[in-house]
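Architecture and fold: a report
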Protein chains: 2
Amino acid sequence: MYKAVVYVTLRQSVLDPQGHAVKGALHSLGFDEVKDVRIGKYMEVELDTADRSQAEERISAMCEKLLANTVIEDYRFEIVEG
Amino acid sequence: MYKAVVYVTLRQSVLDPQGHAVKGALHSLGFDEVKDVRIGKYMEVELDTADRSQAEERISAMCEKLLANTVIEDYRFEIVEG
């Protein structure tokens, strides 16, 4: 068993309205030192695979096909045992 | 300037319908080795603060007040320079 930890973030050139709203909310709570907020997704995927390199290949395919929208998002992942 | 990387995840005892839906979608795409998917949030917060321990304290307060719903979610964060 392997676990993949996947991070999906908006590309730098893409506006992040959710992050903008959170920044505004933090300012209104008195956190004036906040200069920017970017929000992405964090996913943990448990894989029933015995082979690490196969796990990497499959997670990469999942990201390309479903987990990330590669037109506007970047993704990266780590494979951990367990 | 410091940047905080914040991870907000559902507590283990809380059902994750979004993760369940993604698992189903991955199965229907042929990724049958996927045993579980849990989905959380990933946030990058830029802080205009000169002091690292102050940055930690403030980010902790932001998580408690706004970024995480501590009834159902856990959070953790890392502070990096830059």
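Naming follows an unreviewed UniProt entry, where chain A appears as Phosphoribosylformylglycinamidine synthase subunit PurS of Brevibacillus composti.

Considering the interface of chain A and chain B
Chain A puts 34 residues into the contact, and the matching count from chain B is 34 residues. Of all residues in chain A, the largest losses of buried area upon contact with chain B belong to Phe31(A), Glu33(A) and Tyr42(A), amounting jointly to 22% of the total for that side. Taken together, chain A and chain B are joined by two salt bridges. Where Glu33(A) meets Arg58(B), a salt bridge forms, and the shortest distance between an N and an O atom there is 2.5 Å. Our count for the contact surface shared by chain A and chain B stands at 16 residue pairs in polar contact (both at pLDDT 80 or more). Listed by contribution, the elements that provide at least two residues to the side of chain A that touches chain B are β1 (2-10), α1 (17-28), β2 (34-47) and α2 (52-67) of chain A.

A short note on the sheet that holds β1(A)
The strand order across the open sheet formed by six strands is β3(A)-β1(A)-β2(A)-β2(B)-β1(B)-β3(B), and the pairing between neighbours is antiparallel. Only two strands of the sheet have a single partner each, and these edge strands are β3 (73-81) of chain A together with β3 (73-81) of chain B. Shown here is a sheet whose adjacent strand axes are inclined to one another by a mean of 20°, direction ignored. Where β1(A) and β2(A) come together, seven bridges link them in antiparallel fashion.

Scoring rules and cut-offs
- Within each chain, residues carry numbers counting from 1 in the order of the written sequence.
- Chain letters start at A and ligand numbers start at 1, both assigned in the order the entries are written.
- Local features are withheld for residues below a pLDDT of 70 in this predicted model, meaning they are given only at 70 or higher, and side-chain atom pairs are given and counted only at 80 or more; totals for whole chains, interfaces and linings count all residues.
- As a convention, hydrogens and water are excluded, and side-chain values are obtained from all of the structure's heavy atoms.
- In this analysis, two residues are considered to be in contact whenever any of their non-hydrogen atoms come within 4.5 Å of each other.
- The quantity reported as buried area is the accessible area (1.4 Å probe) lost by two parts once they are put together, taken as the sum for both.
- Salt bridges are defined by distance alone: a side-chain nitrogen of Lys or Arg within 4 Å of a carboxyl oxygen of Asp or Glu.
- Polar contacts, as counted here, are pairs of nitrogen or oxygen atoms within 3.5 Å of one another; within protein the pair requires one atom able to donate a hydrogen and one able to accept it, and residues that are adjacent in sequence qualify only if both atoms are side-chain atoms.
- In this text, helices come from DSSP runs of H or I with a minimum length of four residues, and strands from runs of E with a minimum of two, each type numbered from the N-terminal end.
- Paired strands, in this sense, are two strands between which DSSP finds at least two bridges.
- Where helices are involved, their axes are fitted lines through C-alpha atoms of the stretch in contact, as for all axes, and angles between N-to-C directions lie from 0 to 180°.

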